[in-house]
Amino acid sequence: MAIVVLVVVLALFWLITGVRVVQQYERGVVFRLGRVREQVRQPGLTLLVPVVDRMRKVNVQVVTMPVPAQEGITKDNVSVSVDAVLYFRVVDPVKATVDVQNYSFAMLQVAQTSLRSIIGKSELDDLLSGRENLHQGLEIMMESPATGWGVHIDRVEIKDVSLPDSMKRSMARQAEADRERRARIITADGEFQAAAKLAEAAVTMSETPAAMQLRLLQTVVEVAAEKNSTLVLPFPVELLRFFEASAARAAEAGSAPAPAVPAQAPSDAG
């Protein structure tokens, strides 16, 4: 009975010390007498050899790591401060445990150095508007060391770009000048189109004299609709020309010489 009790106690001790639970978002890397086992323990209950085996759990969830702001000088000599965010996850728990001491710290350092490098290779306009290409460039630069550590990079994104106050003022003046230029171009184009339409209308009215009179009446209606106490009525130029022509004809008629009266011959008396 003593032997049976001893065996039962040893079995219970073995179960207590050898049973481990691996969560769904974890993977277990087992070291047997210091040597890593190639087989990774999956989620659920797993059995270890007491005293001989040691298991290290590795989180395989996507890690969101903020990259601190890095100061640098762009390709066009502008001082900026850029921060980013890195999304990555472990795909090979054995490499992440054996090949690198702390993969999270290593990924942070790689992200900082890659961000400084991409700042020096880019221009300010690329940092402000062409970020998609920069994100791909950062991912390519970080992919090589990350693969050796069993880490997969989901994406890298530049979060914010801080500019000096003097550069902000210069950009504001540039934007204001560009808006003013576009406003002047639009105004000039509108005036050009209006002048072209007015020229076409003038040609049409010159061909049809009655159109001028209709336009005059329409102007009178528009002015009368404003409920003004004074109505200004434009005087037609054609009427002035008519009066001028009439006056010229009258002047010509008045200045013409009178017709000569024939003299009568004297009659003989008786």
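All residue numbers here refer to positions counted from 1 along the written sequence of the relevant chain. Predicted model: local features are reported for residues with pLDDT of at least 70 only, side-chain atom pairs are reported and counted for 80 or more only, and whole-chain, interface and lining totals are derived from all residues. Side-chain metrics rest on all non-hydrogen atoms present in the structure, leaving aside hydrogens and water.

**Side note on the nonpolar core**
The definition of a nonpolar core used throughout is a set of buried Ala, Val, Leu, Ile, Met, Phe, Trp, Tyr and Cys residues joined through side-chain atoms within 4.5 Å. Under the scheme applied here, a residue whose accessible area is under 20% of the maximum for its type counts as buried, over 50% as exposed, and between as partly exposed, the area being computed with a 1.4 Å probe on protein chains only. Residues Val80, Val82, Leu86, Tyr103, Met107, Leu115 and Met142 are the most contacted members of the largest nonpolar core, which totals 35 residues. We call two residues contacting when some pair of their heavy atoms lies within 4.5 Å. Other than its neighbours up to four places away in sequence, Met142 contacts Leu86, Met107, Val110, Ala111, Ser114, Ile153 and Val156.

**Re the pattern of salt bridges**
Pairs can form between side chains of opposite charge whenever their charged atoms are close. Whenever Lys or Arg places a side-chain nitrogen within 4 Å of a carboxyl oxygen from Asp or Glu, that contact is recorded as a salt bridge. Under the definition given, this model contains six salt bridges. Arg89 is paired through a salt bridge with Asp154; the nearest N and O atoms lie 3.6 Å apart. Of this pair, Arg89 sits in strand S7 (residues 79–90) while Asp154 sits in strand S8 (residues 151–162), and the two are 65 residues apart along the sequence. Judged by its relative accessible area of 31%, Arg89 falls in the partly exposed class. Residue class for Asp154 comes out partly exposed when judged on its relative accessible area of 29%. The closest approach of N and O atoms between Glu157 and Arg155, which form a salt bridge, is 3.0 Å. You can call Glu157 partly exposed: its relative accessible area is 30%. Residue Arg155 is classed as partly exposed on the basis of its relative accessible area, which comes to 42%. What emerges from the salt-bridge pattern is a single network uniting Asp178, Arg181 and Arg182. Secondary structure elements are defined from DSSP: runs of H or I of at least 4 residues count as helices, runs of E of at least 2 residues count as strands, and each element is numbered from the N terminus.

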